[in-house]
Amino acid sequence: PLAQRDEAADERRRRERIFASAQERYYEQPMQIERGWRHHLIDTTGRSYVDVVNNVTGLGHGHPGVADAVNRQIRILNTNSRFLYRELAEYSERLLALLPEDSALDTVLLVNSGSEAVDLALRLAQAATGRKTVVALREAYHGWTMASDAVTTSAYDNPYALDNRPDWIHVADVPNRFRGTYRGEAGDAAIGAKYAADLGRDLDALAAAGRDVAGFICESVLGNAGGVLLPGGYLADAYSRVRAAGGLCIADEVQVGFGRMGSSFWGFEQSGVLPDIITIAKPMGNGFPIGGVITTKRIADALASQGQFFSSAGGNPLSCVVGLSVLDAMEEERLQENARVVGGRLAEGFRALAGKHDLIGPVHGEGLYLGVELVRDHATMEPATAEASAICERLKELGVIVLTTSERSNVLKVKPPLCLTAESADFVIARLDEVLSTGW
Ligand code: PMP
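Predicted, not measured: the structure shown is a model, and the values here were computed from it.

K.L.:
An account of the overall build of the chain is requested, with residue identities and associated values reported.
P.N.:
Summing up its helical and strand segments, the chain has 12 helices and 16 strands in all. Over its C-alpha atoms the chain spans a radius of gyration of 22 Å, differing by no more than 12% from the 22 Å that the globule rule assigns to 440 residues. Overall size of the chain, expressed as C-alpha extent along the three principal axes, is 60 × 60 × 45 Å. Per-residue burial for the chain yields a buried fraction of 49% across its 440 residues. Excluding contacts between residues fewer than 6 apart, the proportion of contacts in the chain whose partners are at least 24 apart in sequence is 73%.

K.L.:
Report on unusual backbone geometry, specifying residues and quantitative values.
P.N.:
At Arg38, a residue that is not glycine, the phi angle is positive and equals roughly 50 degrees. Tracing the backbone through its elements, the reader meets Arg38 in the loop between strand E1 (33-37) and strand E2 (40-43). Even without being glycine, Met381 reaches a positive phi, approximately 60 degrees. Relative to the helices and strands, Met381 is located in the loop between strand E12 (369-377) and strand E13 (382-383). For Met381, a count of 17 C-beta atoms within 10 Å puts it in the partly exposed group.

K.L.:
So what's going on with helix H9 (residues 317-332)? Residues and values would help.
P.N.:
Compared with an ideal rise of 1.5 Å per residue, which puts 16 residues at 22 Å, H9 spans 22 Å between its outermost C-alpha atoms and is within 8% of the ideal. Within the sequence span of H9, burial applies to Pro317, Leu318, Ser319, Cys320, Val321, Val322, Gly323, Ser325, Val326, Ala329 and Met330. Looking one or two residues past H9, Arg334 carries a phi angle of roughly 50 degrees, positive in sign.

K.L.:
Give me the lowdown on the site of the ligand, citing residues and values where you can.
P.N.:
Taken together, 13 residues lie around the ligand, and Ser113, Gly114, Ser115, Gly143 and Val254 are the ones closest in. With 3 residues, the single largest contributor to the shell around the ligand is helix H4 (residues 114-129). Classifying every residue of the shell around the ligand by side-chain character gives 4 nonpolar, 7 polar and 2 charged.

K.L.:
Break down the domain arrangement of the chain for me, with residues and values.
P.N.:
Domain boundaries assigned for the chain yield domain 1 (2-59 + 334-438) and domain 2 (64-332). Here the C-alpha centre of domain 2 lies 26 Å away from the C-alpha centre of domain 1. At the level of secondary structure, the elements contributing two or more residues to the side of domain 1 that touches domain 2 comprise helix H10 (335-354), strand E11 (360-366), E12 and strand E16 (411-414). Per-element accounting of the side of domain 1 that touches domain 2 gives the leading share, 5 residues, to H10.

K.L.:
Just give me the short version of the environment of Asn224, but keep the residues and values in it.
P.N.:
On the secondary structure map, Asn224 appears in the loop between strand E7 (213-219) and helix H7 (234-244). Between the C-alpha atom of Asn224 and that of Gln306, which follows or precedes it by 82 residues, the distance is 32 Å. Discounting residues that sit within four places of it in the chain, Asn224 has contacts with Glu139, Ala140, Tyr141, Ser154, Thr405 and Ser406.

K.L.:
Explain the sheet that holds E1 residue by residue, including any values.
P.N.:
Paired through backbone hydrogen bonds, the strands of a sheet run either parallel or antiparallel to each other. In space, the 4 strands of this open sheet follow the order E1-E2-E3-E14, with mixed pairing throughout. What marks the edges here is a single partner per strand, and that holds for E1 and strand E14 (400-401). Note: E1 against E2, 4 bridges, orientation antiparallel. Of the residues in E2, the one forming a bridge with Gly36 is Leu41.

K.L.:
Please set out the sheet that holds E7 residue by residue, giving values where relevant.
P.N.:
Strand order in this open sheet of 7 strands is E4-E10-E9-E8-E7-E5-E6, and the pairing throughout is mixed. The sheet is open, and its two edges are formed by strand E4 (107-111) and strand E6 (169-172), each paired on a single side. Ignoring which end each strand starts from, the neighbouring axes of this sheet average 20 degrees apart. Of the strand pairs in this sheet, strand E8 (residues 248-252) and strand E9 (residues 277-280) are connected by 3 bridges, and their pairing is parallel. The partner of Ala251 across the bridge, within E9, is Ile278.

Conventions adopted
- Residues numbered from 1 in each chain as written.
- Predicted model: local features only at pLDDT ≥ 70, side-chain atom pairs only at ≥ 80, totals over all residues.
- Helix = DSSP H or I, 4+ residues; strand = E, 2+ residues; numbered from the N terminus.
- Rg over C-alpha atoms; globule rule 2.2 N^0.38 Å.
- Buried ≥ 20, exposed ≤ 12 C-beta atoms within 10 Å, placed from the backbone.
- Contact = placed C-beta atoms within 7 Å.
- Expected span 1.5 Å × (residues − 1).
- Near = placed C-beta within 6 Å.
- Nonpolar A, V, L, I, M, F, W, Y, C, P; charged D, E, K, R; others polar.
- Domains from an automatic or database assignment.
- Pairing = 2+ DSSP bridges.
- Axes fitted to C-alpha atoms, helices over the stretch in contact; angles between N-to-C directions.

Laid out in structure tokens, this is it:
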């Protein structure tokens, strides 16, 4: 209806007046979203969309268990974390229980976002080692605060030239076997070994220059690249080189952790490693702002050398109760298993489409963290950037919300709520097939 369309135009003007131009609104003609339910978003005209991008609402939108938890707790108590209350210890223990059995990590620090978690992880690595240098991988996103932005090496998100970073950052090559320095098949162990050996040379050069490494940070699956799995053996080799150089290994699990990979709860489990510090956020609160760092007591205690650590809202009773309700729902609704099954079905569907449409290159990822890379030429991997953007616009018209990612914005990022159904997965595949068959 006309009145509702006018309302969307008004809202757009209002937004443009108040917001900074750096705050993207994604679509040329963005819809005005009014409500969400499970893996659907509904606009003010009553139109519903399958939401393929919302990894923050891991349980799905409008989850009644989370709503009840918020309502109950906010009437009882919400205060800062200087006091003793049961929920903080209970939630921290539940988080620790999610770690692999042989993990030595036993300490949780709660904050409010992924950027804060990364910031804190970097600070912990520096405090515990007494060193400053942090190694980050090229083409990564880790957050927007001053420190998390400094390790954000993606040119798309952080236009600092790679050689114009704060002097405590070193940027290492990204082990992307599809587009990187060394390319080849998933099973080719030599690829991971070559990237790790290059990292080892970087560490030697840093030590020779008097810049011993404090920490090494990377995503356990290359999220910003669209869910590119690390080459076999890379992470284990990289971690042992970093540790041999006296540094700590930080796994940024903000995107890829928390059950999304389906076959494992954490992304690092895919590589059979155990980090020294883990950063978590997005799905922890199903949209409610919670973030955290999991580490050892020895590393956490080193913070004392920098004074007190205190976050006013970090770890407050309300966010802990929300976090507990999210973990309960994940278990009751078997969402990690759903990610494995429905994610497998989606990946299979995308790969079948790749056989039919030349524009589809590699399909990345696992579980419900997938990336469909669009290329103009399979040999040169020329990115189909304009096509990817137009396809997202057309998919929106057909009822699917999907966006692009990667340095070249040519990967369709697929990271829906973990409650996605097989029926909706098939709908997404059918709509993409329709767009690729009929044009965009
Ligand atoms: N790390 C990774 C891997 C992320 O993807 C993000 C957010 N996209 C962050 C950290 C920062 O999280 P937040 O937006 O909650 O600050």
